[in-house]
Amino acid sequence: MTAPRTPGIAHGGDYHPEQWPEHVWDEDHRLFTLAGIDTLTVGVFAWSLTQPAEDTYDFTLLDRVLDRAAAEGRRACLGTGTAALPPWLARRHPEVNRTDFEGRRHRYGQRHNFCPSSPAYRDASAALASRLAERYADHPALLAWHINNEYGGACYCDLCADAFRGWLTERYQSLDALNDAWWTTFWSHRYTDWDQIEVPSALTEHWRGPDHTAFQGITLDYHRFTTDALLGCFLGEKEAIRAHDPDTPVTTNLMGLYRPVDYHRWAPHLDFASWDNYPPLDAPPTRAALGHDLVRGLKDGAPFWLMEQTPSTTACRDVNPLRRPGELRLATWQAIAHGADAALWFQLRASRGACEKYHGAVIGHAGRADTRVFREVAALGAELASLGGLTLGARTPARTALLFDWDSWWALETSDGPSRLVRYPDVVHAYYRAAREAGADVDVVPVTADLTRYEVVLAPVLHLFPDGLAERLEEVARRGGTVLATFLTARCDPYDRAFPADVPGPLAPLMGIRVDEWDARPADVAHPVDLGEVRADARLVFEIVLPRGAEPVGTYGADFYAGTPAVTRHRHGAGEGWYVATALDQPGVDHVVRRVLARHRLLGPYAAHPGIETAARVTPDGTRLLFVLNHHTAPARPPAHAAVTDLLTGRRHAAGEPLALDPLGVAVLRPQ
Amino acid sequence: MTAPRTPGIAHGGDYHPEQWPEHVWDEDHRLFTLAGIDTLTVGVFAWSLTQPAEDTYDFTLLDRVLDRAAAEGRRACLGTGTAALPPWLARRHPEVNRTDFEGRRHRYGQRHNFCPSSPAYRDASAALASRLAERYADHPALLAWHINNEYGGACYCDLCADAFRGWLTERYQSLDALNDAWWTTFWSHRYTDWDQIEVPSALTEHWRGPDHTAFQGITLDYHRFTTDALLGCFLGEKEAIRAHDPDTPVTTNLMGLYRPVDYHRWAPHLDFASWDNYPPLDAPPTRAALGHDLVRGLKDGAPFWLMEQTPSTTACRDVNPLRRPGELRLATWQAIAHGADAALWFQLRASRGACEKYHGAVIGHAGRADTRVFREVAALGAELASLGGLTLGARTPARTALLFDWDSWWALETSDGPSRLVRYPDVVHAYYRAAREAGADVDVVPVTADLTRYEVVLAPVLHLFPDGLAERLEEVARRGGTVLATFLTARCDPYDRAFPADVPGPLAPLMGIRVDEWDARPADVAHPVDLGEVRADARLVFEIVLPRGAEPVGTYGADFYAGTPAVTRHRHGAGEGWYVATALDQPGVDHVVRRVLARHRLLGPYAAHPGIETAARVTPDGTRLLFVLNHHTAPARPPAHAAVTDLLTGRRHAAGEPLALDPLGVAVLRPQ
Amino acid sequence: MTAPRTPGIAHGGDYHPEQWPEHVWDEDHRLFTLAGIDTLTVGVFAWSLTQPAEDTYDFTLLDRVLDRAAAEGRRACLGTGTAALPPWLARRHPEVNRTDFEGRRHRYGQRHNFCPSSPAYRDASAALASRLAERYADHPALLAWHINNEYGGACYCDLCADAFRGWLTERYQSLDALNDAWWTTFWSHRYTDWDQIEVPSALTEHWRGPDHTAFQGITLDYHRFTTDALLGCFLGEKEAIRAHDPDTPVTTNLMGLYRPVDYHRWAPHLDFASWDNYPPLDAPPTRAALGHDLVRGLKDGAPFWLMEQTPSTTACRDVNPLRRPGELRLATWQAIAHGADAALWFQLRASRGACEKYHGAVIGHAGRADTRVFREVAALGAELASLGGLTLGARTPARTALLFDWDSWWALETSDGPSRLVRYPDVVHAYYRAAREAGADVDVVPVTADLTRYEVVLAPVLHLFPDGLAERLEEVARRGGTVLATFLTARCDPYDRAFPADVPGPLAPLMGIRVDEWDARPADVAHPVDLGEVRADARLVFEIVLPRGAEPVGTYGADFYAGTPAVTRHRHGAGEGWYVATALDQPGVDHVVRRVLARHRLLGPYAAHPGIETAARVTPDGTRLLFVLNHHTAPARPPAHAAVTDLLTGRRHAAGEPLALDPLGVAVLRPQ
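Residues numbered from 1 in each chain as written. Chains lettered and ligands numbered in written order. Predicted model: local features only at pLDDT ≥ 70, side-chain atom pairs only at ≥ 80, totals over all residues. Heavy atoms only, no water.

Q: Kindly report on the overall build of chain A, identifying the contributing residues and their values.
A: Counting its secondary structure elements, chain A contains 17 helices and 25 strands. Counting the 672 residues in chain A, one finds 68% classified as buried. Across chain A, contacts joining residues at least 24 apart in sequence account for 71% of those joining residues at least 6 apart. (Helix = DSSP H or I, 4+ residues; strand = E, 2+ residues; numbered from the N terminus. Buried < 20%, exposed > 50% of the residue type's maximum accessible area, 1.4 Å probe, protein only. Contact = heavy atoms within 4.5 Å.)

Q: Can you lay out the side chain of Asn320(A) for me, pointing to particular residues and giving the numbers?
A: By the element assignment, Asn320(A) lies in the loop between β8 (304-308) and α11 (327-337). Side-chain polar atoms of Asn320(A) contact the side chain of Thr314(A), separated by 2.7 Å. Among residues more than four places away in sequence, those in contact with Asn320(A) are Thr313(A), Thr314(A), Ala315(A), Gly417(B), Pro418(B), Ser419(B) and Ala520(B). (Polar contact = N/O pair within 3.5 Å; in protein donor to acceptor, adjacent residues only side chain to side chain.)

Q: Residue-level account of the sheet that holds strand β1 (residues 10-14) of chain C, with values.
A: Residues and elements named next belong to chain C. An order of β5-β4-β3-β2-β1-β9-β8-β7-β6 is seen for the 9 strands of this open sheet, with the pairing classed as parallel. The sheet terminates laterally at β5 (250-251) and β6 (253-254), the two strands that pair on one side only. Pairing analysis gives 2 bridges linking strand β8 (residues 304-308) to strand β9 (residues 340-345), with the strands arranged parallel. Residue pairing in the sheet places Phe304 in a bridge with Ala340 of β9. On the sheet, helix α5 (residues 119-136) packs against β3 (75-79) and β4 (142-146) and is oriented at approximately 175 degrees with respect to β4. Against the sheet, helix α10 (residues 285-298) touches β6, β7 (274-276) and β8, its axis set at about 155 degrees to β7. (Pairing = 2+ DSSP bridges. Axes fitted to C-alpha atoms, helices over the stretch in contact; angles between N-to-C directions.)

Q: Quick rundown of the relation of the copies chain A and chain C? Include the residues and the values.
A: When chain A is brought onto chain C, the operation consists of a screw motion whose angular component is 120 degrees and whose axial shift is 0.0 Å, with 0.1 Å RMSD remaining. As the rotation angle and translation indicate, the two copies are arranged about a three-fold axis. Relative to the rotation axis, the C-alpha of Arg104(A) is the closest in chain A, positioned 5.6 Å from it. (Least-squares fit on C-alpha atoms with pLDDT ≥ 70 in both.)

Q: Can you tell me about the interface of chain A and chain C, naming the residues and giving the values?
A: Contact residues are listed per partner, giving 57 residues for chain A and 50 residues for chain C. Remark: the boundary between chain A and chain C carries 13 salt bridges. With its nearest N and O atoms 2.5 Å apart, the salt bridge here joins Arg368(C) to Asp502(A). No other element matches strand β14 (residues 513-520) of chain A, which puts 6 residues into the side of chain A that touches chain C. Considering only residue class, the side of chain A that touches chain C consists of 22 nonpolar, 14 polar and 21 charged. (Salt bridge = Lys/Arg side-chain N within 4 Å of Asp/Glu carboxyl O. Nonpolar A, V, L, I, M, F, W, Y, C, P; charged D, E, K, R; others polar.)

Q: Explain the UniProt feature "binding site: substrate" (unreviewed entry) in chain A to me, using residue names and the numbers behind them.
A: Per the UniProt record, "binding site: substrate" (unreviewed entry) is annotated on Arg111(A) and Asn149(A). On the basis of their most widely separated C-alpha atoms, the annotated residues across 39 residues gather in one place, lying no more than 9.6 Å apart. Once residues within four sequence positions are removed from consideration, Arg111(A) is found in contact with Phe45(A), Ala83(A), Ala84(A), Asn149(A), Glu150(A), Glu356(A) and Trp187(B). With respect to the helices, strands and loops of the structure, Asn149(A) is situated in the loop between β4 (142-146) and α6 (158-172). (UniProt positions renumbered as here; feature names shortened; annotations may be inferred.)

Q: How would you sum up the packing of helix α1 (residues 22-34) of chain B against helix α3 (residues 60-71) of chain B? Please name residues and give values.
A: Geometry of a packed helix pair, given as the angle between the helix axes and the separation of the axes. All names here are of chain B. One way to put it is that α1 packs onto α3 with a least axis distance of 12 Å and a crossing angle of 25 degrees. For the element pair α1 / α3, the angle class is roughly parallel. In this structure, α1 crosses over α3, and the sense of that crossing is right-handed. Of the residues in α3, those touching α1 at Glu22, Trp25, Asp26 and His29 are Leu61, Arg64, Val65, Arg68 and Ala69. Among the residues forming the contact of α1 with α3, the class breakdown is 4 nonpolar, 1 polar and 4 charged. (Parallel < 35°, antiparallel > 145°, perpendicular 65-115°, else oblique. Left-handed = near helix turned anticlockwise from the far one by under 90°.)

Q: Kindly report on the domain arrangement of chain A, identifying the contributing residues and their values.
A: Accessible area lost when the parts come together is the quantity often used to give the size of an interface. All names here are of chain A. Here chain A is described as being made up of domain 1 (10-87 + 115-151 + 243-387), domain 2 (400-599) and domain 3 (612-671). Once you take the C-alpha centre of each, domain 1 and domain 3 turn out to be 30 Å apart. Taken together, the 18 residues of domain 1 in the interface contact 14 residues of domain 3. Around 1200 Å² of area is buried between domain 1 and domain 3 when both sides are counted, 68% of it from carbon and sulfur atoms. When the buried surface of domain 1 facing domain 3 is broken down by residue, Leu330, Trp333 and Ala337 rank first, second and third, together holding 43% of it. For Asp341, the salt bridge is made with Arg617, and the minimal N-O distance between the two is 3.1 Å. Counting every contact that joins domain 1 to domain 3 gives 5 residue pairs in polar contact (both at pLDDT 80 or more). (Domains from an automatic or database assignment. Buried area = accessible area lost by both parts, 1.4 Å probe.)

Q: So what about the UniProt feature "domain: Beta-galactosidase C-terminal" (unreviewed entry) in chain A? Which residues, and what values?
A: On the UniProt side, "domain: Beta-galactosidase C-terminal" (unreviewed entry) is annotated at positions that read residues 611-670 of chain A here. The annotated region residues 611-670 of chain A carries 0% helix and 40% strand content, and the separation between its end C-alpha atoms amounts to 21 Å.

Q: Can you tell me about the interface of chain B and chain A, naming the residues and giving the values?
A: Between chain B and chain A, the residue contacts involve 57 residues of the former and 51 residues of the latter. Regarding the contact of chain B and chain A, the summed buried area is about 4900 Å², with carbon and sulfur atoms giving 52% of it. By the criterion of area lost to chain A, the three top residues of chain B are Trp183(B), Trp187(B) and Ser188(B), representing 16% of everything that side buries. Summed over the shared surface of chain B and chain A, the result is 13 salt bridges. Of all the elements, strand β14 (residues 513-520) of chain B adds the most residues to the side of chain B that touches chain A, at 6 residues. Residue classes in the side of chain B that touches chain A are distributed as 22 nonpolar, 14 polar and 21 charged.

Here's what the structure looks like:
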């Protein structure tokens, strides 16, 4: 089962016609045509209409919406709508409402408000999915199933506590094994009955919020349990759908670098991956790219769908800036460059009320086609249409892998010591950014991924280290590859127990070092690191490294460890193990990563052009397309790396001839 | 029914003799006489003494206090004392304690601690008021009834939930109307039974506190409901009083710019308005003035009572500075200049214990008359006495109105998007300040006010826009007036639904513009705005304006909207509509507002003298008094605007002759 | 009963062998020998092993641990282990779990998690202590009993509420007395039944957390009650031990400047004092020293035990820096210089799991002896051994006392007004630091201490002032001593009621001043104070002082009180009373304190050498040792103050000859 089949890059977005009278729908479809919109996500928040009471289903709305879509030649991702409960369900079965981290049972409100362990919720959501599949499996407009919406959050109720205990029983089989894994002898926590185990919350093991826990082991396992509990909800609906519809692809929209849910556990169960791209305020372009590459990595490099992005502003942030002119186009092409086969907006028409009424939309409150945003979306729609289906199914030919690991994320950010200031995604992003800005395509993959296809493997702050990974990384080096690890990598086993061995534990042989101790300083303290050609700043954590075979590549320039290694390189077989013992600033990370990439000739043709991003995709017929994205608000004229044709303009460029990239401009280059 | 009748400006304050043995009372009255104090607010926190048990009333204390006051020639505002529960009531009827926003039922403690929907509280408070009125209606010392104290806060208990549902049923009549108003189709919230509606709290629609709600509609309505629920408590007591005392004026002390309660809904039920003036730390003088003018606007410009202010320090803040020498006098005269007919202190004698023991008082812990504060109060008392009753009943001849609207306050500050950094009172104050510092008298009025008497109407960030207001504002312009609106004005109807129309909705014709989109930036980003003669900075929100008849008055100087209008003017009839599309800094607002006032010759005679405030009052006999307040700590010598007599010194000044104002000095000028 | 008898300074620390298989124990003892470790703290978190079920005790572990220790010639502080509940106890008796300040009953988790009023906890902990004492009273390894661990925190459950009411009944005898003490007439709080009293929490008298209370009186009493409730738990265990073991010294490890528990109330019940020294990040060395001197003051100057310190890093902070090379040695000698007779580490071997796995340890995860930390510990162990028992029992010959008072700490930091920014330990530390850096030995003592032995008494911010203290301080002055008080001293009686008198209340005669009022400003406002020879900055609180016999020593240089006294001196008998009316910066405090000390010739020989700390101890045989500590990271060569021998090097120095102190170096000087 793979992604839906479409003639070209799907273009459209979330559409909530139930909020308006039908005469507005006419106007909507007229504007959709103007904007080249062919794909609608519908039904995502319609539960209270499709099932207005426990025993009553009413498909009038969806019938009309889907029939209208089909009549106009559009297709739909049909939401099961189970992310937002109808009021009657919460009232009738109060246990479907979540109990929060503070131990408070909530009442009806908001969305993403269901207890994933509640039988009432699981039954009701699966029943609704079943009814929908029964009715619409063969509808001509049906393109894909969109189960629920942005799964996330956690519940701490008694039902979840019971389910957690069951999950633990299955995982550990015996209390001895559990006591050993969680290191419960510490602080007299040895459990003698499964019933003694409480969910880790503000009322039990936590203080100062979800990241401060007395026992990292139980907290880690609750993250895993929550991932599985939510997945269980998804699978309940998927199974209900499959009973009536064996073929239509099923997905749910993920959220990229979203800490609460380990998407690697979900990936096998998605027919295709899709995600909602809302990068942090003022983030560099590589932050969104990291999300794309992470989501592409879920399904072993298969194309994904960009299920949501805003055409202009968000609403939920303290400050919600506009996307500047050209940004929505550039962001969309970036998604496609990284593997998206669809470009969908949230949302097609702006809500009049509630908390997303100021969220950007293709069609604003006035319903106009002559707004800046509508014009840009329509122009992009035309451009996508002109490209046709060429990129569909194309894959990224990456030779660099970055290991991304939710377990390490959870462990690192719930660790007491050495520093609460180290944030997993920030360090990961720094290495990803360095590689991407150097022009390397990067696969962001789980620690279980097949590494035989990569020449460079980056393992930043991979705090938890599974069995066998060290051997697989050594094999990468043995055959000539380079493995890069950093401070706080390979510290603990998957139960967050420190290895009873020299740091970095199982990686020590490959890295050729021993870390004797580690200093930490507040964020305003920077130590210089001499990297030979450049001098960088380092912050937060400073591991003190004793070389055991490795040679220093960079040295600390301050404190009592001045002159000792901050970055090391160790020959191993035909390859190398690199260790970065501190949080270098971006120029420092750039320098180190470029040295590694250069060794493998993986620097891209525009590595010397800051702000020019490139990404390659190889189409099913073997054509290697190079996407060139100008993130500057000024024009750029980098020389063509080869004789190419720009598919967006039809222009041909000889090798070395300047490409003329507009501000925020894009080129899709095919070799001539 | 109007304010109490007094021979001059009432002078006195809160007095809690129940905290001391009676021999201290002797000393108190001796000091009151020294300080010219004639008015005592008593009984405000005496419930546990006047009703020591459910079936026991004991008026010994109040009898003595009132008899003593009468004997000494003083009069009293008699508090009903229902703002602070006695312990027995909370113990016997736990449901009188509030349930907070987090859903936690409180137990006995603090004050303002009663559930306004609780029958036990309503019954007990009305019964107490009834007993007091029965006993003291004819007491010679009785000057006014002071019901409860600083009403505020909200409760989220089940009694309130029931009452809220009843309130909603009355307001909407049908669930369809409610669903439509709250736009519940969004996020699947369509209610099918009134019982499904929960109070909007941290356990239901809110996250990150009271300002973040999934549904602005329900949260807005809960603010309105709370306003009405508290008003219901007030009315219950007032009715009980009126049964025994048809004549004595009734009030409660308000708190000026206090967000939780919409005082415009209360105004018709107050016989006279009164308030407690505790301006924010280091606020400019116009901040207190805005409070005075807002409270004066409650009763259509009738004089109000300054019910509380501190003679020296507050106690409840992190930092509690002293009022500098002269400040208590200046602040009192400012209140009078803006319409106060009374000047009362909190408090007359400092408490020895609990959380207000360090709150400033006329008489300190040592009971001395030779403190700086006592001397200043006594001097002021003498000065007030010397002025006599001249200012009583005088009214402010304002030709500028500022529309103040609690609905807009609530809506703006609970809005998701465009910016959480816009604070309603700050923007309102910026416009008020500009007008006041330019010397214009300003009426701060509700959106329902009669606008026919004004030449200039300011409508800053009036986010919610009621039916008919646009027409009334157009009428102002048609007859030659000027209407000024700002960014985020006229965005939504009273249910917080965005108008399905061009921004600024119903105001668009008067403003002659269309707002196409709006940018937001963090507080540290300033964009220059070219206003012709001056260049100002703008922050937070930047609306992009397409003129549709209006002419630009100022233009943005940065970002992709550089060169587009930031301020516009549109001729309409004989008048003008001005639109300010961004949050200008104070010099920018000053410039715009002065241009508007100049058009109507409303700049005051001291507009060019920063720090010199003027305010006019017209006495019942038609005398136009001009209060001149020197907010500098240096002397000032502005030229007299006309031939005048300073009533405080008796000095006469020819027009143009310098007034000699002391540091923080005051003059009350009568035309010769 | 005094401290345990040891041949020399005990060296060792917390040891949790139960976390590892026994083969690791072999390695542990080998390393202990290498490091000169002779003392183990064991059993502190072993409850779930020693009592795995309600009716089952199992001493296998402790038998082995103690037998092994004895066999290797080591001795043990045996923990009763009652600080961390076993899971079964929490499950079986849910009421042993605490209810927090927010009113939430917790479930099992963390440690320090027991309700001190719970009979189930008290019974179970005393029973366990009894069993342990019965079994190990005569064990050859037993050196001391270590009851519980770091007692602290508070509970707000109904059991505590009942116990609190009982405690109040005993304290006040009548509700009238209680109402009077708490000043309940304020805000209508007059209680008419003991049952009406609720515990002061977020659900009753508090807002914005534990420091904001409507009634300081109830909150103060709850701090006292909590101190007594926890003490009751300690005494329950101690009594159970004494039934079987009349002789072995009993202690519990305190936490120095730990606000929640008034250690002065505990002191009489400890056989010897011990504490855990974890100074704040980047604190100056005097901060740890203040802790030492406070703990030494608990037992009237008797030596104490340093029960815990980290050899390298903490784990629980946001940022956990390393102790630099030499710091663990210097910190240990500082403890000894201030009266420690033991030097114990937390911990001997690093935990593999849970929240302290990254806490520093003598033996790290790799179990190596060749780490920097192990080498430094071992070198120190050798050095301690070489010194032998010379310092045991030595006492500090201080002639300066600093009054430290938990009541004042609580009162000051829960006070509304004048400033929330004044922190009790910061002001106390400023005065302590000034005296210590000037070379004066300081006893930190309770307000009840015998003051006849002191020439200088410092009473900074002693907000609550007990009966009779003024007379005792006047007596100090009368006989020639100097008493120094500061702003916010002597404001209230022990019930936190402001004295109905001139400020500073009972101290006014000694100080010869009257404080008329007090200003407060934000932390970024500094006012200059002219101290004659130096000019200092003052912040936060500025009392306005009217001299009534005193002479000004320093004057304010800003605001309306410019030119008025900021520091005064008043002759009284043969001595003086000094008053510092504002929060001077450290140079200002230094100047004032040195003037006072100079008057009594109490400046130390190295007062002119910043960073060189000295501390004297007089051994039982009368030898006066001078510890000289170089807090610089550079060498220092101060001249010897007399002819001395350095006991650590054996070197002799003539008077005036330079001492050669290494960076962070130490000398222990004995007169020749």
